Amino acid sequence: MSCCLFEYCRVQELKVVREFLFQSQQNNNSSADKKGENELVWDDSNWGSWDNPEAKEGVEEDTAAVSAPWLQDCVVSLSPCSDLMVVAKGSKAVFLSARWQTDDGGREGMTLAVSWSGTLSINEGESVSNVICIPLASQKRSSTGRPDWTCIVVGFSSGYVRFYTELLNEDPVLRLKCRTYEIPRHPGVTEQHEELSILYPAALVTIDGFSLFQSLRACRNQVARAAAAGSEVVQPPPLAYKKWGLQDMDAIVDHSSVGIMTLCVFDQMRNASILGGFHASVKGSLPAMSQYITVGGGPYTGFYYAIEGSSQPLLSHVALAVASKLTSALFTAASGWLGWKKQNEEEPTQKQKPKVEPATPLAVRFGLPDSRRHGESICLSPCNTLAGVTDDFGRVMLLDVGRGIAIRMWKGYRDAQLGWVQVSEGRGESSPSAPLPRRHAQFLVIYAPRRGILEVWGTQQGPRVGAFTVGKHCRLLYAGYRLMGVNSVTSQGWQLHTQQVCLFDPATGALRTVTVPFHLALSDKKSERAKDLHLLKRLTTLLKSRELEPANKNAPVSCLTNITRLLLASLRGKDPEAVDEALLQLCSSQLKLLQLYTDIQQLHSTVETEDAGVEEELARVSLILQRYTELTSGSRPSVSFAQDSPDASLPVRGFLSQMECEGEEIRVVPGPDADWTQLGSFLFWGCLIGESPLQKVCDTLQETGISPQHLLSLLLSVWLHREKEVLKKPKAVRHLHTLLTALSSMKGAVESSWDMQCVSPWWQQVRSACVQSHSAAAALLAAIVAHRAAKDNITSLAETKFQSEWEAVSLELEQWAVCVRQLEDVLALQTLLCVAPLKGTPGGATPHCSVKALLEGGRGGIADSVAKWVFRQDLAPERLKDMLQRRGEAQRTEQPSQAAGEWVLYELLVSVCQRFPDSLSPDLLFAHCCWEYVVQWNKYPEEGRYLCCAVEHLKRVSSPHIQLGISSMMWNTFLVKRFSAAAFLMEKVGKAPKDRLCRRDVGMGDGATTSFLGSCVALLQILMEADSGIEEVTPPELCVEEVWGGAEGPASIVELALEQRGIHYPLVQHHCLLATLLHTAMTFNLRVKPLSLFDSKGKSAFFRELVSIQLMPSGDMDPGLVSLRQEFLLTVLTDILRRHLVCELYNHGLDPRAEQVMLEVEDKDVLGSQLLVLTGQRLSYSLLHTQTQTKPAMELLARLPPTLCTWLKAMDPSELGCLSVPLSQTSRLVSRLIEILPENHGQYSLALHLLEAVEVLQGED
């Protein structure tokens, strides 16, 4: 295999790009090209088409893009990820972004389309001199190597480099180059740091990649936050860079930053001897140096070395213009592309040039002198060991970077463009003795535009391994870097999707890349062996791949049969010794399978129906089946693919892949469920829906020798996986009975020697499939049909053996009776679970249950499933209790007030409770509902109503033993940790904590914390009441229904509750007192240290196990504590009432009386917060809720700050007792607010905004 050039992307709208970039030139040319009417003009643009008239149409397709080599005059940059291209000319630029497009043939491909075009220049007279696109790696863990976003770095002739950044040097920018992280190939390679380098005529600026990456990410985040907050000013972070003044070269036009290198000891000694003479001293430590290579003139190539640490980096607060108040045309027009610019921003004024930092002198270490030769460009290899240099003599020179010498030269490549391709050795291409790690090969790609040829050369002295004829106006795009922001940790497991070399053809808009196999870097025998291994690997991959041509996928079965038959006849006609026996056997078996496929296809075209009397067996489950069908048929729509549907015809290749033929016997190969169901549908679905003769299909299958157990498994798989279709076809049940009877009569199905007092393996297979299935209705129908077929089979066997008219009683029928009853219960439960939750309540996918799942879920599995359903339905505890009390009522006429949907809910719940009278007893159901709600509250602590509902469910448990156990488990598992955190937090701050502190310590906001403490009080009270009542009531006995007695699994919540130990009543009472105190402080926003109101014994007893015996406070209290408690109670009873009175007086417009009472209030901060809300309600009514809004009010609303406007809209004036309050009173109220609120109060600034708004309204009135 040789190297190839293939197209992977196409650039759209090239004509639009050219017209935009060269608009001024086209306008000038159009006026100059106008000729007189009588002037003769020769048009020779199409002379070449005389020899090929058909080529004229293709030439005229895009003459604007081909007529002139316009792309060579532009600055072009392509992201290494090929998702963004920039084309710039002068002060204009066009951005092209990647998008997927479908052609007329339905094939998808990536294209680059124009996403923005405009002017980049800000200062007058400046133009774009260089552009580079740097993709920034994503920091998310789910990322697999794709960039988060791409930063465009633009260099201008004025010296600016804008990501935008500010001025680094006053000379024009010559080149922008980037170096990103590469995984070291072996431990001896120095890990290189990321870096962006900017070349000026006499200076080189290098920016550390890590600093740049962090700065760009920070600026992008700041811009996003500023845009969301409506702000325009963003402070850019500082940027660290180094600036070197390159000396001893007459002219510099290009450069390469090789990175950090360390000399070996010999080279260090040699350099010291040359520079210092015979007596020079050599340092013990090897210095680390950054190497830079420049090309230009005098000398032709220069090598610079900057010793790390020799000079401090120049730190300058360089403002990134993407994060500052940029209002250039780029972000004005590209706001939809980058999201960084508002449309209403104006153009900025001309800024003064910032201070330019001086450069640190850096002398050239050595160079390649050639007085007449001038270098034009340099291209560094991916491994930083080689570099290609072009010059004005049409030569391409290959440099050894480490030794600083030229090792090869190519002639005849004027205006050449260079790139590199690095190829890794594939698995299996190396010899078994080859050491790890894998080898890498580097190839130099040279594009000669004057010759229109693209060549690939092996390095260092390798031959030319590829040559392609391309256009003469193409551009070779080589980035030389990958994603910025990647390191040795984040790169693990990534697949970096980057192209190394791309050839851009403006004639067609195609982007093509070069692919070179590794074996082309080898020579002689190794090359031939590697080539053979490469071809073998490709062939193996092709044979294993299923993605064949569409024509090969759906080959007709008749064609395959004829081919196989001819091949078999040809093999039999040859000498037996010359024929492979395995090939002969394979052809014979495949021909037999193809014949079976054809026979079954032909049988499906014949219609034959057969009845079986199972209608009476279905009568008792018809109602629940009807309800289940109604609920499941109206489920949410889902996306499915036609080829994955069971209705899709089974192709012959799929049939052959699942069948094996050994001699005269055909075996089915078990596979995935989808393939298994598709094969079963091919064999039996026509029979189930009455479109195929059942008995003939069964006879055909029996003749093939397929195991009846496999056929039974296929039949059940179809039936259970296609439940919705089965329920739509009532006759399918009778056909299933006929098929089961026919399969049961096959040889090897039911053994003739079977003892009826034992379990039959055949029927046990049916039961196992039914009890494991989540298709409740299909499983029940299959069990009813199989029960009937088994009963008929047992009856016939009994008549044969005993010659008796008595009905046979066997263990098999008992097993079937239990199985059918279990499936009926599961269907009723599944029907209840299928009821969709109300809007606005926690939803999710409908849970599915099966007999096996309920048996493995333990004795509490059924109650747990119903409790989860109660939570999804958001059934109030009182409503659930009402339903359970009226479970005996079954007539709808007795419930005239209930809506239809509510009655269905009630009817289904009652039906399930009647089927599970023990598992769903009220106490058990309420206990499980309580536990489900508290578990959900633990997941979402902000939802305080979940915990309130859990306590309400617990109150409705009648057994004190269950109440006591559930309460203790709730307290120890979920509540005590947060409760202690709230107590310690309030003790620390000395008052009711604010929202931020509550979230930090307790894990929820202040409102949710208040609700949580109230629920703790209620729970502890339930715990004390339950402890008082357990002596009077005996513990309940937990029973289970007879058919569900075999349940095994984890203990239920109620079983665990009954195992809990008794509590220490005084300790619970002690905690209840603290909970009441905390709840009071949070509710009324009081200043108190709660733990300080208890003595040392009381403090040490808190947050202990409630079953432990602790030393409790005695009746003799310290007078100081008694005084503190009395003071707290007095504050609760007096200050709270006074604050409430002040708020009520203001609420009813009695402001003068409220001011008098306000003087007696002590806690002014809390009162200020309450009155601030009341003031907001008054102002909201005046501005937003009056019937006739005045023009001044509307103008004031438009001038208000966004935060204040949003806050006013959230106010509800309907809570005011008096709506029409004079503005003078409201103004006086706001003034009093500012007086009582401290300046460091969180709402002080809001009060100032309110005062300003009220004064404006008052002045206009």
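Anyway, here's the lowdown on the structure attached to this text.

What counts as what
Residues numbered from 1 in each chain as written. Predicted model: local features only at pLDDT ≥ 70, side-chain atom pairs only at ≥ 80, totals over all residues. Heavy atoms only, no water. Helix = DSSP H or I, 4+ residues; strand = E, 2+ residues; numbered from the N terminus. Buried < 20%, exposed > 50% of the residue type's maximum accessible area, 1.4 Å probe, protein only. Contact = heavy atoms within 4.5 Å. Areas by Shrake-Rupley, 256 points an atom, 1.4 Å probe, with all protein chains shown as cover. Disulfide = S-S within 2.5 Å. Pairing = 2+ DSSP bridges. Axes fitted to C-alpha atoms, helices over the stretch in contact; angles between N-to-C directions. Core = buried A, V, L, I, M, F, W, Y, C linked by side-chain atoms within 4.5 Å. Lys, Arg positive; Asp, Glu negative; His and termini not counted. Salt bridge = Lys/Arg side-chain N within 4 Å of Asp/Glu carboxyl O.

### What to know about the overall build of the chain
Now for step 1: Counting its secondary structure elements, the chain contains 42 helices and 31 strands.
Now for step 2: Counting only residues that meet the buried cut, the chain has 48% of its 1261 residues in that class.
Now for step 3: Taking contacts inside the chain between residues at least 6 apart in sequence as the whole, the part at least 24 apart equals 71%.
Now for step 4: Accessible surface, the chain as shown: approximately 63,500 Å² in total, 52% of it carbon and sulfur.

### A word on the state of the cysteines
Now for step 1: Taken as a whole and judged by the stated rule, the model has zero disulfides.
Now for step 2: Summary of cysteine pairing: Cys929 is not part of a disulfide, and the nearest cysteine sulfur, belonging to Cys930, is at 8.9 Å.

### A closer look at the sheet that holds strand β15 (residues 301-307)
Now for step 1: Taking strand neighbours across the sheet as the criterion, the four strands line up as β13-β14-β15-β18 in an open arrangement whose pairing is antiparallel. Strand pairing shows two members of the sheet lacking a second neighbour, β13 (251-262) and β18 (364-368), which therefore form its edges. Direction aside, neighbouring strands of the sheet carry axes that sit 20° apart on average.
Now for step 2: Sheet topology places β15 next to β18; four bridges connect them, and they run antiparallel. Its bridge partner being in β18, Thr301 is matched across the sheet by Leu368.

### Examining the nonpolar core
Now for step 1: Counting 180 residues, the largest nonpolar core has Phe655, Trp719 and Met970 as its most contacted members.
Now for step 2: With 14 residues, the single largest contributor to this core is helix α30 (residues 960-989).
Now for step 3: Discounting chain neighbours no more than four positions away, the residues touching Phe655 are Leu593, Leu596, Tyr597, Leu650, Leu679 and Phe682.
Now for step 4: Membership of the second largest hydrophobic core comes to 39 residues, among which are Ala1154, Val1161, Leu1216 and Ile1234.

### Points about the side chain of Glu987
Now for step 1: Here Glu987 shows up in helix α30.
Now for step 2: For the buried Glu987, no salt bridge exists, and the shortest N-O distance to an oppositely charged side chain is 5.4 Å, to Lys1099.
Now for step 3: Those residues within four positions of Glu987 in sequence are excluded, and the remaining contacts are Lys1089, Pro1090, Leu1091 and Ser1092.

### A look at the pattern of salt bridges
Now for step 1: A full pass over the atoms with the stated rule returns 36 salt bridges.
Now for step 2: Here Arg450 ties to Asp415 by a salt bridge, and the two come within 3.0 Å at their closest N and O atoms. Of the two residues, Arg450 sits in the loop between β24 (440-448) and β25 (453-458) while Asp415 sits in the loop between β22 (405-410) and β23 (417-424), which places them 35 residues apart along the sequence.
Now for step 3: Looking at Arg450, the relative accessible area reads 54%, which means it is exposed.
Now for step 4: When the shortest N-O distance is used, the salt bridge between Arg1232 and Glu1235 registers 3.3 Å.

### Brief notes about the sheet that holds strand β26 (residues 464-469)
Now for step 1: On the basis of which strands lie adjacent, the open sheet formed by four strands has the order β23-β24-β25-β26 and antiparallel pairing. What marks the edges here is a single partner per strand, and that holds for β23 and β26. Shown here is a sheet whose adjacent strand axes are inclined to one another by a mean of 20°, direction ignored.
Now for step 2: Alignment of β24 against β25, held across six bridges, turns out to be antiparallel. Across the sheet, Ile446 pairs through a bridge with Glu455, a residue of β25.

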